[in-house]
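# A look at the structure
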Amino acid sequence: MDRATALPERDVASRFAEDRIDGWKSIAAYFGRDRTTVIRWARERALPVHRLPGGRVGTVYALRGELDRWASVPVDGADAVDAVAPAPPAPPPADTVASAPVARGRPRPRLLAILAALLVIAIVALVTVWPAAPRASGVVLPADPAVASRFLMARDLVAARSPATLARGVALLQAVTTAAPGFAPGHAALAEALLLSREFAQQDDAEAFDRARVAARRSLRLAPDLPMARRAMGFIAYWADHDRAEADLQFGAALAADPDDALTRFWYGNILSDRGDHVAALRELDRARLALPGSIALMTDYGWALWAAGRDAEGRAILDWVERAHPDFPVAHECLSIVALVEGDFTAHARHVVRVARLRQGRSLQRDAAGLDRALAAGPAEIRRVVTDRAVRQLQAGTDPSPAVAMLIAARAGRWDAVATRLRIGEARRERWGEAGILDRVVRLSPDAKVWEARIARRRI
């Protein structure tokens, strides 16, 4: 077991305690603002504040890391803290001051009418555009305060999306489901944690999907309409079973039960993007962004969705920003490694792949990274040869972890024979592939776009 995932419980707990800020007053002091302001931010701009169960008066706390991430995401060119702070009134233009007399006493009736009309327009616009305050989750916590506290801590640890916090979060949620087997959200949260462990930790895909499916089904037996369980089943239907119709059905049920669930819209937006429904994908991701400002995972996937939709410059700008602001977030490097391939930069591709391997700490990734490290030391020609040779071998054997990425590498190197071989293997296996944004780039690089699009279309999910 890797050291990171074997982090002792007391170390994780102590770090969690050090990162925690208790009470509205302390949270306000962290930003140098008053208590009323941070309460408003929590209500209007989804400042990440958590509530503890128990007691007659609700107790709140926040985590420094989450507050910093929330404050660091730019909003129309300003930091989140600056964006929600009331702006000082602008001074009147100089010529107005010089030429207009200062009005004193009661305002004129016409001026009042104009101001009233402007106010109505502003209110209508605000109600139309601004999202409603997030609805309560509807989750009733277990009566046992210790189990409830364990559940909440597990959710926070899972949200951090690191190998160590995910491993600890999964362990805590297993304890929760053992102590409270009738608590449906506990099983659903366990399914969600296992699914995230595929991407951010070392969990094997097949094992993670199998265990998550069992947990989600247990949750649905207890609460058939629970949105988080439906969301997990929709995720499994698409990414494990490649069943587009079932995924739509499950996500539709989740959104019908809770239309304001930002995570459901986030995950569904990613699925829509992966299969090439770019307009619908961006619409869902925008809805999620309204409710989850400051989410680096969401910002990264939004940048990727823009790039996949052909809005390359916008998507690349967001991904570059995430990489600079959060250099240890592996998904940004993964996305940029593919962008680099499309741009023909094999050196940048290799550097991002090595970075992903270091962050995710998987053994097979580490082996690949070691070979790329040696190639990077040898120069661009060797990097291109190593990357291409590996992709061609995987395509010819049908062992590639991502057919679309391997085909993109082969296409960049002009190895259309390897691409054709992989398409034949996929047809024999009746495989269905997503990654529409990457496959679209493969078609653009092909010698005959019409022919290759027809061949690839038969494998699209």
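These figures come from a predicted structure and were not determined experimentally.

Okay, the overall build of the protein chain next. In terms of regular secondary structure, the protein chain is built from 25 helices and three strands. A total of 461 residues make up the protein chain; the buried ones form 46% of that total. Contacts in the protein chain between residues far apart in sequence, at least 24 positions, make up 59% of those at least 6 positions apart. Of the roughly 23,500 Å² of accessible surface on the protein chain, 55% is carried by carbon and sulfur atoms.

Okay, helix α18 (residues 330–342) next. Taking 1.5 Å as the rise per residue, α18 with 13 residues should run 18 Å; its terminal C-alpha atoms sit 19 Å apart, in good agreement. Counting buried positions along α18 gives twelve out of 13 residues, so the element sits mostly inside the fold. For α18, the secondary structure elements touched by its buried residues are α10 (184–200), α16 (296–308), α17 (312–325), α19 (346–360), α22 (403–412) and α24 (436–445). After α18 finishes, the residue Gly344 shows a positive phi value of roughly 80 degrees.

A few words now on the side chain of Arg459. Position of Arg459 relative to the elements: it lies in the segment after α25 (449–457). In this structure, Arg459 is buried with no salt-bridge partner, the nearest side chain bearing the opposite charge being Glu427 at 4.5 Å. One polar contact links the side chain of Arg459 to the main-chain carbonyl oxygen of Glu431, over a distance of 3.0 Å. Setting aside residues no more than four positions away along its own chain, Arg459 makes contact with Leu423, Gly426, Glu427, Arg430, Glu431, Arg432 and Trp433.

Let's shift gears to α22. Counting buried positions over the ten residues of α22 gives nine, a clear majority of the element. Along α22, the residues that are buried comprise Pro403, Ala404, Val405, Ala406, Met407, Leu408, Ile409, Ala410 and Ala411. Looking at the residues trailing α22, positive phi occurs at Gly414, about 75 degrees.

For the structure on display, the rule yields 25 salt bridges. In this structure, Asp261 and Arg231 form a salt bridge, with 3.1 Å as the shortest nitrogen-oxygen distance. In this pair, Asp261 is assigned in the loop between α13 (244–257) and α14 (262–274) and Arg231 in helix α12 (residues 227–239), connecting sequence segments 30 residues apart. The class of Asp261 is buried, set by a relative accessible area of 16%. Here Arg231 falls in the buried class, since its relative accessible area comes to 2%. When the shortest N-O distance is used, the salt bridge between Glu343 and Arg316 registers 2.7 Å. Of this pair, Glu343 sits in the loop between α18 and α19 while Arg316 sits in helix α17, and the two are 27 residues apart along the sequence.

Packed helices, taken two at a time, are described by the angle their axes make and the gap between the axes. In contact at an axis separation of 10 Å, α18 and α22 are set at 25 degrees when each is read in the N-to-C sense. Considering their axes alone, α18 and α22 lie roughly parallel with respect to each other. In the packing of α18 onto α22, the handedness of the crossing is left-handed. Two secondary-structure elements touch here, α18 through Ile338, Leu341 and Val342 and α22 through Val405, Leu408, Ile409 and Arg412. Residue composition of the contact of α18 with α22, grouped by class: six nonpolar, no polar and one charged.

With that settled, the discussion passes to the packing of α19 against helix α21 (residues 380–397). Between α19 and α21, whose axes approach to 9 Å, the crossing angle comes to 65 degrees. Between α19 and α21 lies a crossing of left-handed hand. Across the interface between the two elements, Phe346, Thr347, His349 and Ala350 of α19 pack against Pro380, Ile383, Arg384, Val387 and Thr388 of α21. For the contact of α19 with α21, the class distribution of residues is five nonpolar, three polar and one charged.

On to the confidence of the model for the protein chain. Scored by pLDDT, the protein chain comes out at a mean of 81, with 79% of its residues at no less than 70. Scored below 50 in pLDDT, residues 1–10 shows 13 contacts in the model against residues more than four places distant or in partner chains. Here residues 75–80 is a poorly scored stretch, pLDDT under 50, and it has eleven contacts once near neighbours within four places are set aside; other chains count.

Our next topic: the nonpolar core. The biggest cluster of nonpolar side chains holds 108 residues, and the ones touching the most others in it are Leu173, Leu195, Phe266, Trp267, Val322 and Phe329. Looking at this core element by element, the count peaks at ten residues for α10. Apart from the residues lying within four places of it in its own chain, the contact partners of Leu195 are Phe209, Ala212, Ala232, Phe235, Ile236 and Trp267. Within the second largest apolar cluster, 13 residues are counted, among which are Leu47, Val60, Leu67 and Ala71.

Parameters and conventions
Residues numbered from 1 in each chain as written. Predicted model: local features only at pLDDT ≥ 70, side-chain atom pairs only at ≥ 80, totals over all residues. Heavy atoms only, no water. Helix = DSSP H or I, 4+ residues; strand = E, 2+ residues; numbered from the N terminus. Buried < 20%, exposed > 50% of the residue type's maximum accessible area, 1.4 Å probe, protein only. Contact = heavy atoms within 4.5 Å. Areas by Shrake-Rupley, 256 points an atom, 1.4 Å probe, with all protein chains shown as cover. Expected span 1.5 Å × (residues − 1). Lys, Arg positive; Asp, Glu negative; His and termini not counted. Salt bridge = Lys/Arg side-chain N within 4 Å of Asp/Glu carboxyl O. Polar contact = N/O pair within 3.5 Å; in protein donor to acceptor, adjacent residues only side chain to side chain. Axes fitted to C-alpha atoms, helices over the stretch in contact; angles between N-to-C directions. Parallel < 35°, antiparallel > 145°, perpendicular 65-115°, else oblique. Left-handed = near helix turned anticlockwise from the far one by under 90°. Nonpolar A, V, L, I, M, F, W, Y, C, P; charged D, E, K, R; others polar. pLDDT = per-residue confidence, 0-100. Core = buried A, V, L, I, M, F, W, Y, C linked by side-chain atoms within 4.5 Å.

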